[in-house]
Amino acid sequence: MVGSLVITGGSRGIGAATALLAADHGYDVCVNYRSNAAAADDVVQACLDRGRRALAVAGDVSQEADVVALFDRAAAELGPVAGLVNNAGIIQPQARLDTYSAKRLDDVVAVNVVGAFLCAREAVRRLSTRHGGSGGAIVNVSSAASYLGSPNEFIDYAATKGALDTMTIGLAKEVATEGIRVNGVRPGLIDTDIHAAAGEPERVARLSVGVPMERGGTADEVAEAIVWLLSDASSYVTGSLLNVSGGR
Ligand code: NAP
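Residues numbered from 1 in each chain as written. Predicted model: local features only at pLDDT ≥ 70, side-chain atom pairs only at ≥ 80, totals over all residues. Heavy atoms only, no water.

Bringing the environment of Ala 196 into the picture now. Of note, Ala 196 is situated in helix H7 (residues 194-197). Accessibility expressed as a relative area gives 46% for Ala 196, which makes it partly exposed. Taking the C-alpha atoms as reference points, Ala 196 and Val 31, separated by 165 residues in sequence, lie 22 Å from one another. (Helix = DSSP H or I, 4+ residues; strand = E, 2+ residues; numbered from the N terminus. Buried < 20%, exposed > 50% of the residue type's maximum accessible area, 1.4 Å probe, protein only.)

What follows is the structure, given as C-alpha cells:
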C-alpha cells in the first residue's frame, strides 16, 4: 500500500521522522500538528524535497471537529487516505499519583485516548471496505510505559497507552475482514522533546543504563517499525504490539 498518510503530531520527534521515512518510501503525507506551524512546515518541505506531495494541517486531535477537518483536508488535497499514524501524544510533569488533579487526568486522556479513538474512527470510515473504501493500515504509537507502569513519573500517561494497546487489539479484530490492519508500536526511551515536557530533558541519558542495549533509541529507529507496519511487507500482521525499546 502506497498512497497518502495522515500522521498526527507529525511536526516533531517520532511523527516527523515517520513523515520523512514514509516520503522516502513513496507516500504522500499530511502532517498534523497542534501549535508549532514552523516545525510542521519544515517537515512538509522535506517531504516535497523527496518528490512527494505533502501538506501541514493544524488541529488538536482531542477536538472532534478538528479531527474530521483533518481527514477531509487530507483527502481533498492528497487523494484517498490509505493510512493513519496515530502518533500525537502528550506527557505531563513527573509526579506521584497521589498529587494528580482531575484536570491533569482529563488533559492526558483527551489527547492520548479520545484523540486516538477519534482519529481511528475517521480512518475506519474512509478505509473500510464496509464503507466503500479500499482498505489500509493504522499504526498506533503507544509506549513501553504501557507495560512498565511509569511509577513516580506518570502512571496516568502509562495508563493511556494501555488503553491504546487495548484499542489496537480490539479494532484489529473488528476490521480484520474490511481491508484494514491495525498495529501498535511501543517505543522505549527515545530522544525527542517529550522528556523536556515531563520536566527532565536529560531523562533518556539518566535511564539508558537500565536498558539492556544500554542506550536510548532514535526517532528514526521507531519510524522504521511504523513504516514497516504500514507497508504490504507486514500484510499478515494485525493486532500486534511491537516493542521498539532496546529490550527494556
Ligand atoms: P514530541 O517530540 O513531544 O512531539 C509531539 C508531537 O505531537 C508534536 O508534533 C506536537 O505538535 C503534537 N501534538 C501534541 N499534542 C497534540 C494534539 N493535541 N493534537 C495534535 N498534535 C499534537 O513527542 P514524541 O516523543 O515524538 O512522541 C510521539 C509519540 O510517541 C507520543 O504518542 C508519545 O507518547 C510516544 N512515545 C514517545 C516516547 C519517547 O521516548 N519520546 C516513548 C514512547 C512513546 P506541536 O509541536 O505543534 O505541539
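The way to describe two aromatic rings as a pair is by their centre distance and the angle between their planes. All told, the structure shown has one aromatic pair when counted by the stated rule. With 5.5 Å between their ring centres and 75° between their planes, Phe 154 and Tyr 157 make a pair best called edge-to-face. Judged by relative accessible area, which is 2%, Phe 154 ranks as buried. (Phe/Tyr/Trp six-rings, centres within 6.5 Å; stacked < 30°, edge-to-face > 60°.)

For Ser 150, which is not a glycine, the phi torsion comes out positive at approximately 55°. One non-glycine residue with positive phi stands out, namely Asn 152, at about 65°. For Asn 152, a relative accessible area of 54% gives the class exposed.

As a further point, take the sheet that holds strand S5 (residues 136-141). Ordered in space as S3-S2-S1-S4-S5-S6-S7, the seven strands form an open sheet in which the pairing is parallel. Edge positions in the open sheet fall to strand S3 (54-58) and strand S7 (241-244), since each of these has one partner strand only. Sheet twist, expressed as the average angle between the axes of neighbouring strands with direction ignored, equals 20°. Bridge count between strand S6 (residues 180-187) and S7: four bridges; the pairing is parallel. Counted as the bridge partner of Pro 187 is Val 244 from S7. Sitting on the sheet, helix H9 (residues 219-230) is in contact with strand S1 (4-7), strand S4 (81-86), S5, S6 and S7, with an inclination near 165° to S6. (Pairing = 2+ DSSP bridges. Axes fitted to C-alpha atoms, helices over the stretch in contact; angles between N-to-C directions. Contact = heavy atoms within 4.5 Å.)

What surrounds the ligand is a group of 32 residues, the closest being Ser 11, Arg 12, Ser 35, Tyr 157 and Thr 192. Between the ligand and Lys 161, the relevant distance is 2.9 Å, taken from an oxygen atom to a side-chain nitrogen or oxygen of the residue. The separation between an oxygen atom of the ligand and a polar main-chain atom of Ile 190 is 2.9 Å. For the shell around the ligand, the secondary-structure elements that each account for two or more residues are helix H1 (13-24), strand S2 (28-33), helix H6 (155-174) and H7. A class-by-class count of the residues in the shell around the ligand yields 12 nonpolar, 15 polar and five charged. (Near = heavy atom within 4 Å. Polar contact = N/O pair within 3.5 Å; in protein donor to acceptor, adjacent residues only side chain to side chain. Nonpolar A, V, L, I, M, F, W, Y, C, P; charged D, E, K, R; others polar.)

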